[in-house]
Amino acid sequence: MEEKLKSEGKCLFCNETFAKAGIMRHLKMHLAQIAKTGKKGNSYLVKVDNDPRWNGLPYFLYLWINGNAKMEDFDAFLREIWLECCGHMSKFTDKSFKREMSMGSYDIMDAFDFFEQGKVKQYEKIMEDFGEIPMSRAINKVFAKGKKYEYEYDYGSSTILQIEVMEEYPFAAPKKMVLLSRNEPLEIRCDMCHTEIAEVACTVHIYEEEGKFCSKCAKKHAKVCSDFADYASATIVNSPRMGVCGYEGGVIDIERDGIFNKK
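Residues numbered from 1 in each chain as written. Predicted model: local features only at pLDDT ≥ 70, side-chain atom pairs only at ≥ 80, totals over all residues. Heavy atoms only, no water.

Peer 1: So what exactly am I meant to see when it comes to empty space enclosed by the protein here?
Peer 2: A probe matching the size of a water molecule, rolled over the atoms, marks out where space remains unfilled. Under the defined criterion, the tally for this structure stands at 1 cavity of 30 Å³ or more. A volume near 40 Å³ is recorded for the largest cavity. Around the largest cavity sit Tyr59, Pro185, Leu186, Ile188, Ile236, Val237, Asn238 and Gly258, which together line it. Residue composition of the lining of the largest cavity, by class: 6 nonpolar, 2 polar and no charged. (1 Å grid on protein atoms, 1.4 Å probe; cavity = no way out; pocket = protein on both sides within 12 Å on 5 of 7 lines; lining within 4 Å. Points joined across faces, edges and corners; volume = space filled by probe spheres on them. Nonpolar A, V, L, I, M, F, W, Y, C, P; charged D, E, K, R; others polar.)

Peer 1: I tried to follow the nonpolar core on my own but got confused; where do I start?
Peer 2: In summary, soluble globular proteins display a tendency toward joint burial of nonpolar side chains. Of all hydrophobic cores here, the largest spans 41 residues; its most connected members are Val48, Ile65, Met71, Phe74, Leu78, Phe92 and Phe143. Ranked by the residues each element gives to this core, the list is headed by helix H2 (residues 71–83), at 7 residues. The residues contacting valine 48, other than those within four sequence positions of it, are Tyr59, Phe60, Leu61, Leu63, Phe74, Leu78, Trp82, Leu161, Gln162 and Ile163. Formed by 14 residues, the second largest nonpolar core is a distinct cluster that contains Leu27, Tyr62, Met166 and Val178. (Core = buried A, V, L, I, M, F, W, Y, C linked by side-chain atoms within 4.5 Å. Buried < 20%, exposed > 50% of the residue type's maximum accessible area, 1.4 Å probe, protein only. Helix = DSSP H or I, 4+ residues; strand = E, 2+ residues; numbered from the N terminus. Contact = heavy atoms within 4.5 Å.)

Peer 1: I'm lost on the sheet that holds strand S14 (residues 233–235) in this one. Help?
Peer 2: Across a sheet, paired strands are connected by hydrogen bonds in the backbone, their directions being either parallel or antiparallel. Across the sheet, which stays open at both edges, the 3 strands sit in the order S13-S12-S14 with antiparallel pairing between neighbours. The open sheet has two edge strands with one neighbour each: strand S13 (212–213) and S14. In this sheet, S13 lies alongside strand S12 (residues 200–202) in antiparallel orientation, the contact comprising 2 bridges. Each residue of the ladder has a partner; that of alanine 201, found in S13, is lysine 212. (Pairing = 2+ DSSP bridges.)

Peer 1: Please clarify how the pairing of strand S4 (residues 60–66) should be interpreted in this entry.
Peer 2: In regular strands, side chains alternate between the two faces of the sheet. Here S4 lies mainly inside the structure; 7 of its 7 residues are buried. Of the two faces of S4, both are covered, the one formed by Phe60, Tyr62, Trp64 and Asn66 as well as the one formed by Leu61, Leu63 and Ile65. In the sheet, strand S3 (residues 40–50) pairs with S4 via 7 bridges, with the strands oriented antiparallel. Bridge pairing links tyrosine 44 to isoleucine 65 in S4. Note that S4 and strand S11 (residues 177–182) share 5 bridges and pair antiparallel. Across the sheet, tryptophan 64 pairs through a bridge with valine 178, a residue of S11.

Peer 1: What is the right way to read the state of the cysteines from this model?
Peer 2: Think of a disulfide as a covalent bridge from one cysteine sulfur atom to another cysteine sulfur atom. Taken as a whole, this structure holds 0 disulfides when the rule is applied. Looking at the unpaired cysteine 193, the closest cysteine sulfur is the one in cysteine 190, lying at 3.7 Å. Looking at cysteine 193, the relative accessible area reads 29%, which means it is partly exposed. A disulfide-free cysteine, cysteine 225 has its sulfur positioned 4.0 Å from the sulfur of cysteine 202, the nearest such atom. Cysteine 225 gets classed as buried once you look at its relative accessible area, which sits at 5%. (Disulfide = S-S within 2.5 Å.)

Peer 1: So what exactly am I meant to see when it comes to the packing of aromatic side chains here?
Peer 2: How two aromatic rings sit relative to each other is set out by the distance from centre to centre and by the angle between their planes. Under the counting rule described, the total for this entry stands at 11 aromatic pairs. Among the aromatic residues, those joined into a cluster by ring pairs are Tyr44, Phe74, Phe92, Phe143, Tyr149 and Tyr151. Above the ring of tyrosine 155, the side-chain terminus of lysine 91 is found at 5.5 Å from the ring centroid. (Phe/Tyr/Trp six-rings, centres within 6.5 Å; stacked < 30°, edge-to-face > 60°. Lys NZ or Arg CZ within 6 Å of the ring centre and 35° of its normal.)

Peer 1: Sorry if this is basic, but what is going on with the side chain of glutamate 150 here?
Peer 2: Tracing the chain through its elements places glutamate 150 in strand S9 (residues 148–153). A polar side-chain atom of glutamate 150 sits 2.9 Å from a polar atom in the side chain of arginine 53. For glutamate 150, the side chain forms a polar contact with the side chain of glutamine 162, separated by 3.2 Å. (Polar contact = N/O pair within 3.5 Å; in protein donor to acceptor, adjacent residues only side chain to side chain.)

Written out as structure tokens, the structure reads:
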């Protein structure tokens, strides 16, 4: 059922709504108009997708990112809109550049030791040998049209995102990160009655057959799942981090961060 969920987003330039498959073409039209009057610089149209290997729900973001921003600014934005729960570590990886987990006299544990000691430059230098992109690196030193990256938040209960640079522009964005569109709340229905919109999830069973419930069926699930009644109840939110590690929602674009609203 989840594979058939309709994914659409609202263009935040003009508030028109489009299917995921068609919105990029529309966003490019707006950005082409800005090119006529835009301030000289460089910027990028970037698509962020939920990794289908981790759950199949069709979440997406379209961002307009200024070239003088840093990867740490991108990291902070992703955390604030979709991910942040407990201050976990995160990383960007160039998908075309992967190496083994040991390099010469250093290995991955040396890097983590440096990180814990607050030696950020040493940590980044080692991790770059494993394909990781330093958070201090400027966007315009990393991004190019057609390039693909992977982002991981939380190395334990990981949330993985896929990133693609769709276009590069010779003009600046008005700020470091501009949200152009995100998927509207998905029409996720209750796994028990299959009729009502799901409002709450069981974090123990969220990606199983019986993990998301309307308020009425949640009471039934609580009778057979002591974890749910005790600690495993989580509000449905519009994020691939939903139900993981106590995540409760973002702080950016809150109006689109809740459950599906019947119109």
